[in-house]
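Observations on the model geometry
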Amino acid sequence: MIKGKRGVFMRKLVLITGVTKGLGRAMVDQFDEAGWTVIGCGRSEKKIKELQEQYKGRHAFWTADVSDDKSIAAWATEVHTRFGFPNLLINNASIVNRIAPVWEVSPEEFAQVMSINVNGSVNVLRAFVPGMLLEGSGVILNISSSWGRSAEAGLAPYCASKFAIEGLTQSLASELPLGMAAISLDPGGSISTPMLHACGPEYVDSSPTPEEWAKSAVPYILGLGVEDNGKALTFPCR
């Protein structure tokens, strides 16, 4: 049994979406150091191959787009066959819109943000939660944002998607049985990710790198447990 500060994990299998860059990529390295097996996906075939080469079968990475329900369903079938069910699931994959007033955002761009950030998270839940329910335990962590709790001009699609993640997590938490938890997590401010470079370049120099963030965030995540079900948490990165 693996016991964190407050959480308890019977196994050490974590599933993370969006592992090819940013927070997802940094978490891979930290979970590896913590002795966990990482199951990950990302849209970049090149970067997925780089991860496969780096870890030489120690973990398992797939090229998959979370917004494609059929792709995620097929991925889940393969994961379940080879590894069983994750006991920690981190919905991390997301994108941000170009900065613009909402009336200048095209229907296609708005739909893409929602498709990846919201529908993508639901697709992953639909594919993996039933298996976790069979185990009767597990923690689901949906990565949110401070912009999912307060809005920002020019980022209406992204804010809308993260507000949706907060509501989704609350509903999911009320649907899970005892022994499981759904939690939303604001990473705790700006992190120097490619996303921040796109939407908040003025904050980059004063922000921690994803690697710096993950070094302390992963132990924090491993401390979460069933008593945190339904909580909207903020990682205290500063």
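Residues numbered from 1 in each chain as written. Predicted model: local features only at pLDDT ≥ 70, side-chain atom pairs only at ≥ 80, totals over all residues. Heavy atoms only, no water.

**Focus: the overall build of the chain**
Summing up its helical and strand segments, the chain has seven helices and nine strands in all. By the burial criterion, 53% of the 238 residues in the chain qualify as buried. A sequence separation of at least 24 residues applies to 68% of the contacts in the chain between residues at least 6 apart. When the accessible surface of the chain is split by element, carbon and sulfur atoms take 55% of a total near 10,700 Å². (Helix = DSSP H or I, 4+ residues; strand = E, 2+ residues; numbered from the N terminus. Buried < 20%, exposed > 50% of the residue type's maximum accessible area, 1.4 Å probe, protein only. Contact = heavy atoms within 4.5 Å. Areas by Shrake-Rupley, 256 points an atom, 1.4 Å probe, with all protein chains shown as cover.)

**With respect to a positive patch on the surface**
Side chains of K21, R43, K46 and K47 sit close together on the surface and give a patch of like positive charge. Among the structural elements, K21 can be located in the loop between β3 (13-17) and α1 (22-33). (Patch = residues over 30% accessible without salt bridge, like charges linked within 9 Å, V, L, I, M, F, W, Y side chains within 5 Å. Salt bridge = Lys/Arg side-chain N within 4 Å of Asp/Glu carboxyl O. Lys, Arg positive; Asp, Glu negative; His and termini not counted. Charge placed at Lys NZ, Arg CZ, Asp CG, Glu CD.)

**A word on the packing of α1 against helix α2 (residues 45-55)**
Across the interface, α1 lies against α2 with an axial gap of 13 Å and an inter-helix angle of 15°. Considering their axes alone, α1 and α2 lie roughly parallel with respect to each other. Crossing hand, α1 versus α2: right-handed. Here α1 contributes R25, V28, D29 and D32 to the contact with α2, which in turn contributes L51, Q54 and Y55. Looking at the contact of α1 with α2, its residues break down into three nonpolar, one polar and three charged. (Axes fitted to C-alpha atoms, helices over the stretch in contact; angles between N-to-C directions. Parallel < 35°, antiparallel > 145°, perpendicular 65-115°, else oblique. Left-handed = near helix turned anticlockwise from the far one by under 90°. Nonpolar A, V, L, I, M, F, W, Y, C, P; charged D, E, K, R; others polar.)

**Let's talk about the side chain of N97**
Mapped onto the elements, N97 comes out in the loop between β6 (88-91) and α4 (107-135). There is a polar contact of 3.1 Å between the side chain of N97 and the backbone oxygen of G154. At a separation of 3.2 Å, a polar atom in the side chain of N97 contacts the main-chain amide nitrogen of Y158. (Polar contact = N/O pair within 3.5 Å; in protein donor to acceptor, adjacent residues only side chain to side chain.)

**A short note on the nonpolar core**
Formed by 32 residues in total, the largest nonpolar core has its most connected members in M27, F31, L88 and I90. Breaking this core down by element, the ones donating at least two residues are β3, α1, α2, β6, β7 (138-143), β8 (180-186) and α7 (210-222). Among all residues touching I90, those that are not within four sequence positions of it are V14, L15, I16, T17, M27, F31, L141, I143 and I221. Counting residues in hydrophobic clusters, the runner-up holds 29 residues, among them A60, W62, W75 and A127. (Core = buried A, V, L, I, M, F, W, Y, C linked by side-chain atoms within 4.5 Å.)

**Focus on the environment of G84**
One can find G84 in the loop between α3 (69-83) and β6. When its relative accessible area of 19% is taken as the criterion, G84 is described as buried. Along the backbone, G84 and M132 are 48 residues apart, and their C-alpha atoms lie at a distance of 9.1 Å.

**Remarks on α4**
Helical periodicity: at 3.6 residues per turn, an α-helix aligns residues three or four positions apart in one direction. Under the 1.5 Å per step criterion, the end-to-end length of α4 is 41 Å for 29 residues, consistent within 8% with the ideal 42 Å. Remark: the principal bend of α4, roughly 40°, maps to F128, with a proline, P130, within the next four residues. Directly beyond the C-terminal end of α4, a positive phi value near 75° is found at G136. (Expected span 1.5 Å × (residues − 1). Bend = angle between axes of the 7 residues up to and from the residue.)

**Digging into the pairing of β8**
Within β8, seven of the seven residues are buried, which leaves it mostly tucked inside the rest of the structure. By the alternation rule, side chains of β8 split into M180, A182, S184 and D186 and A181, I183 and L185, which are all buried. Alignment of β7 against β8, held across six bridges, turns out to be parallel. When the sheet's bridge partners are listed, I140 is paired in β8 with A182. Here three bridges tie β8 to strand β9 (residues 232-234), and the two strands are oriented parallel to one another. When the bridges of β9 are listed, D186 appears paired with T234. (Pairing = 2+ DSSP bridges.)

**Some thoughts on the packing of aromatic side chains**
Using the criterion set out here, one finds seven aromatic pairs in the structure. Ring geometry for Y220 against F235: centres 5.2 Å apart, planes inclined by 65°, an arrangement best described as edge-to-face. Within this pair, whereas Y220 is found in helix α7, its partner F235 is found in the segment after β9, the two being separated by 15 residues in sequence. You can call F235 buried: its relative accessible area is 6%. (Phe/Tyr/Trp six-rings, centres within 6.5 Å; stacked < 30°, edge-to-face > 60°.)

**Brief notes about unusual backbone geometry**
Its identity as a non-glycine residue notwithstanding, K56 has a phi of 50°, on the positive side. In this fold, K56 is placed in the loop between α2 and β5 (60-63).

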